[in-house]
Amino acid sequence: MSAHRTIPFYLHSLGPNDGQKMQDVLATPFLTSGAVCRAVEEQLCGFFNVPHALLVNSFTNGAIAALLALGIGPGDEVIVPASTFIASANVVELVGAKPVFADVDPDTLCLDMESVKAALSERTKAIMLVHLYGAYFDVRPFAQLAREKAIYLIEDCAHCFEGSFDGIQPGQLSDLAIFSFYATKNITCGEGGAVICRDKGLYDALSQTRQHGMSAGAINRFKDGGYNHWDMARLGTKANLPDLLAALLPNQIDTVFERREMRQTVAANYRQALEGMGIKMPQWCKGGTHAHHLFPIWVVPTMRDKVIAGLNAQGVNVTVNYHSVPSMQYYKTKGYDAHLYPVSLNWGLGTLSLPLYPSLKEEDQAYVVQALAQAVSAAA
Ligand SMILES: *Cc1c(COP(=O)(O)O)cnc(C)c1O
């Protein structure tokens, strides 16, 4: 075994030039959502070929603003995969609606259509698709179902900015796609996110629910040289992104495909090296272009924590993404039964994620693989 090293779980790709972009904003009087955000929103519209984009200060706040704009609240249900990060379900709880879980496909871990159909009720207002780990899957069948049932289709694209399926990108077949620019995501400004949509009415509503429900944001109140009165048209939250952080985004959006390629290389190397090690990995959807946000694997649940400890002892940092959402204490206490979603439950008990980022060197990837082989054999 080669000499001991430390492999961080995640490293961002920002540098000194990005610091300068924040300095440039500091030199202007307007630190919050202004010209920089506007420019990035236009850039997003171009990237996704949609007419509307709104920057927000997190996926979570953007999704809350989105659900408020759709009028989803108490008495309504939203179908959410049981295998995802808790935020996908929490936002439904936070607006007073009810998350109804559906299980995922055991091979791809993408939302399972039969399970979604079984979760539908008269109170269902929306389906939340999650492109987990960066796997952009075929949304067409879900878009068709949503149309048939006259319900909304929302995409959680926190893991998948740069993915596509058969040429279809986020937001093209759904009502809304929501992104996260949180510290560890493929595109980051520390905390942040975006919502894209195609409907002008929904965009107008979102523009208000993103900012207290005000009829005009700060920048518009001083438009045309004088003060303009504003009203509160509806209830909103505070989800707008400041220009200070938005300044970090344009360059990352421009170069995202370069980093996708680097991520793809790392993921393909891992996949090949782990084949035959008795480790399960999710299948990548045929026809899909993966964003490779995370590289999760699955080991027998009784071994998982020993494997993590073995990797940590060798300096390899890993995380668990994710325990099934209905198995969380909060949801259990609310009466959810994680056993009703066995694929998600079992995946969550055995999964761990390996380090994956564009700057992860080949020798470090090899070290991770070696360390994993050793940790697995020691745990068996
Ligand atoms: C990170 C993440 C979120 C939440 O994003 P924030 O910007 O931190 O609110 C939502 N869904 C998934 C799948 C995530 O991984």
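Bear in mind that the values here come from a model prediction, so they are computed numbers and not experimental data.

Caption draft 1: Layout of the site of the ligand. Taken together, 16 residues form the shell around the ligand, and within it T60, D156, H159, S180 and K185 come nearest. At a separation of 2.8 Å, a nitrogen atom of the ligand approaches a polar side-chain atom of D156. Here an oxygen atom of the ligand and a side-chain polar atom of K185 are 3.1 Å apart. Against a free-state accessible area of 380 Å², the protein chains account for coverage of 93% of the ligand. Among the cavities detected, the one that contains the ligand is the second largest pocket. Counting residues per element, the ones that place at least two in the shell around the ligand are α3 (59-70) and α4 (87-94). For the shell around the ligand, a count of residues per class yields seven nonpolar, seven polar and two charged.

Caption draft 2: Just the pairing of strand β11 (residues 351-354), in detail. Of the two faces of β11, the one lined by T351 and S353 and the one lined by L352 and L354 are each fully buried. In the sheet, strand β10 (residues 295-298) pairs with β11 via four bridges, with the strands oriented antiparallel. Each bridged residue has a counterpart across the sheet, and for I297 the counterpart in β11 is L352.

Caption draft 3: Spatial organisation of helix α11 (residues 256-274). Its 19 residues give α11 an end-to-end C-alpha distance of 27 Å, which sits within 8% of 27 Å, the value for a rise of 1.5 Å per residue. All of the buried residues in α11 are V256, R259, R260, R263, V266, A267, Y270, R271 and L274. The arc enclosing the buried residues of α11, seen along the axis, measures out at 135 degrees, which places them on a common side. Of the exposed residues in α11, the ones pointing more than 90 degrees away from its buried face are E258, E261 and Q272. Buried residues along α11 sit in contact with α2 (35-48), α10 (249-254), β9 (288-289), β10, β11 and α15 (362-379). At the exit of α11 stands G276, carrying a positive phi of roughly 85 degrees.

Caption draft 4: Layout of the environment of Q169. The topology assignment puts Q169 in the loop between β6 (164-165) and β7 (176-180). In sequence terms Q169 and T289 are 120 residues apart; their C-alpha atoms lie 9.7 Å from each other. Other than its neighbours up to four places away in sequence, Q169 contacts F47, F48, Y136, G163 and S164. A polar side-chain atom of Q169 sits 3.1 Å from the main-chain carbonyl oxygen of F47.

Caption draft 5: Examining a nonpolar patch on the surface more closely. Taken together, the side chains of F222, Y227, W230, M232 and L235 present a nonpolar region at the surface, about 590 Å² in accessible area. Secondary-structure assignment places F222 in the loop between α8 (218-221) and α9 (243-246). Looking at F222, the relative accessible area reads 53%, which means it is exposed.

Caption draft 6: Quick look at the layout of surface pockets. Approximately 220 Å³ is the volume attributed to the second largest pocket. In terms of lining residues, the second largest pocket is bounded by 19 residues, among which F59, F85, A87, S180 and K185 are the most central. When residues of the lining of the second largest pocket are traced back to their parent elements, those giving at least two are α3 and α4. Taken together, the residues that form the lining of the second largest pocket break down as eight nonpolar, eight polar and three charged.

Conventions and cut-offs
Residues numbered from 1 in each chain as written. Predicted model: local features only at pLDDT ≥ 70, side-chain atom pairs only at ≥ 80, totals over all residues. Heavy atoms only, no water. Near = heavy atom within 4 Å. Polar contact = N/O pair within 3.5 Å; in protein donor to acceptor, adjacent residues only side chain to side chain. Areas by Shrake-Rupley, 256 points an atom, 1.4 Å probe, with all protein chains shown as cover. 1 Å grid on protein atoms, 1.4 Å probe; cavity = no way out; pocket = protein on both sides within 12 Å on 5 of 7 lines; lining within 4 Å. Sits in = over half its atoms within 2 Å of the grid points. Helix = DSSP H or I, 4+ residues; strand = E, 2+ residues; numbered from the N terminus. Nonpolar A, V, L, I, M, F, W, Y, C, P; charged D, E, K, R; others polar. Buried < 20%, exposed > 50% of the residue type's maximum accessible area, 1.4 Å probe, protein only. Pairing = 2+ DSSP bridges. Expected span 1.5 Å × (residues − 1). Arc of directions from axis to C-beta. Contact = heavy atoms within 4.5 Å. Patch = residues over 30% accessible without salt bridge, like charges linked within 9 Å, V, L, I, M, F, W, Y side chains within 5 Å. Salt bridge = Lys/Arg side-chain N within 4 Å of Asp/Glu carboxyl O. Points joined across faces, edges and corners; volume = space filled by probe spheres on them.

The values are spatial; any link to function lies outside them.
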